[in-house]
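# Descriptive structure summary
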Amino acid sequence: MLKDITLGQYFPGNTAAHKLDPRTKILLVVLYIAALFTAKSILAYGLLAVTLAVCVRVSKVGLKALVRGLKPVLFIIVFTGVLNLFFTPGEEYLWAWGPFHMTEAGLRNAVFMVLRIMLLIMGTFLMTYTTSPISLTDGLERLLNGLKRFRVPIHELVMIMSIALRFIPTLIEETDKIMSAQKARGADFESGNIVQRAKAMIPILVPLFISAFRRADELATAMECRCYHGGEGRTKLHVLHYARRDYIALFFGCLILASVMVLRFMGF
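We now turn to the structure provided with this report. (Residues numbered from 1 in each chain as written. Predicted model: local features only at pLDDT ≥ 70, side-chain atom pairs only at ≥ 80, totals over all residues. Heavy atoms only, no water.)

## What to know about helix 5 (residues 74–86)
With 13 residues, helix 5 ought to run about 18 Å at 1.5 Å a step, and its terminal C-alpha atoms sit 18 Å apart, in line with that. Along helix 5, the residues classified as buried are Ile-77, Thr-80, Gly-81, Asn-84, Leu-85 and Phe-86. (Helix = DSSP H or I, 4+ residues; strand = E, 2+ residues; numbered from the N terminus. Expected span 1.5 Å × (residues − 1). Buried < 20%, exposed > 50% of the residue type's maximum accessible area, 1.4 Å probe, protein only.)

## Quick notes on unusual backbone geometry
Unlike most non-glycine residues, Lys-60 shows phi in positive territory, near 60 degrees. Position of Lys-60 relative to the elements: it lies in the loop between helix 3 (42–59) and helix 4 (63–70). Residue classification places Lys-60 among the exposed positions, given a relative accessible area of 69%.

## A word on the packing of aromatic side chains
The final tally for this structure, using the stated rule, is six aromatic pairs. Aromatic side chains Phe-75 and Phe-79 sit 5.9 Å apart centroid to centroid with 15 degrees between the ring planes, which places their arrangement in the stacked category. Pair noted here: Phe-75 and Phe-79 are both in helix 5, with a separation of four residues, about one helical turn. Owing to a relative accessible area of 45%, Phe-79 belongs among the partly exposed residues under this scheme. (Phe/Tyr/Trp six-rings, centres within 6.5 Å; stacked < 30°, edge-to-face > 60°.)

## Some points on helix 4
Ala-65, Leu-66, Gly-69 and Leu-70 are the residues of helix 4 that are buried. Along the axis of helix 4, the buried positions cluster into a sector of 150 degrees, meaning they face one direction only. Those residues of helix 4 that are exposed and angled more than 90 degrees off the buried face are Leu-63 and Lys-64. At its buried positions, helix 4 is contacted by helix 3, helix 5 and helix 6 (104–129). (Arc of directions from axis to C-beta. Contact = heavy atoms within 4.5 Å.)

## Observations regarding the environment of Ile-172
Following the sequence through the fold, Ile-172 ends up in helix 8 (residues 154–184). Between the alpha carbons of Ile-172 and Leu-208 there is a distance of 9.7 Å; along the sequence they are 36 residues apart.

What is shown is where atoms sit, not what they do.
Here is the structure:
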C-alpha cells in the first residue's frame, strides 16, 4: 500500500506537458476542477475523461501510474459511491431493503461522484508527475505574488509546501524500511482487532517521528548555514516565462470549461 502512494513524485521527461510553464499547469488544473464540478451529464464527463486521456498520452506518464495513485483512496471512493447510491432521495425505488433504497437519481449521483473523484485525483496527480516540486512552488509563488501587498508571507508558505512535497516520498520510503525491519523481528501488523493493530503501529510511529524530527533539524541547520532569510531580495535560477504553447494550452483549457458549461445549460 505504501508503494502505491505516489503523491509528490516527479517523472522527468521532455514532452510538451513537461515543458509547459508551471503556472500554466496550475491554472489548467483549476479549470479542469471547475469543469468537473460544473459537469452534470455523462456526455460532459465523457468529454473530461477524453481530455484527461489526451493529456496522459501527451505526457507519456502512463495510465498505470495514475491508477496506482488511486489505490490509497479506493476506500473513500467506494464509500462515497455507496452513500450516494443508497441514501439519495427519489420518487421511484429501483431496489429497497430496510433503510437502504436505490433510486435512479441515487444511481446517477453515485456514478457521477465516483467519476468526479477519480478524474480529479488523476488530473491533479498528472500535474505533480510532470512538474518538479521546485517548479511547482515557483509557479504557485508567482501566481500568488499579488497577496504580498496584504502582508501575506507567500514565499514562506510556498517554501513549506515545497518541503512537504519533497519529503513525502522520503517518509514513505522510511516507513517501508521501518516496517520491514520490524517484521524481520517478528512484528505482526495484519492480525488482530483494530485496537491490537493500532498498538502494533507504535513501533513504527516512534522511530518514524524521531527520523522526521532529525531530518527537520538537519534541514533547518543547513538553511541557516546557507544564510537563508526568506524571500526578500532573492533571485531565481530559472525565471518563468510564458511561451506560445502555454497560451495554446490555456485556450484549450478555457474551451473545455466553456463546452461543459454549454452542455449543462443545454441540459445534456
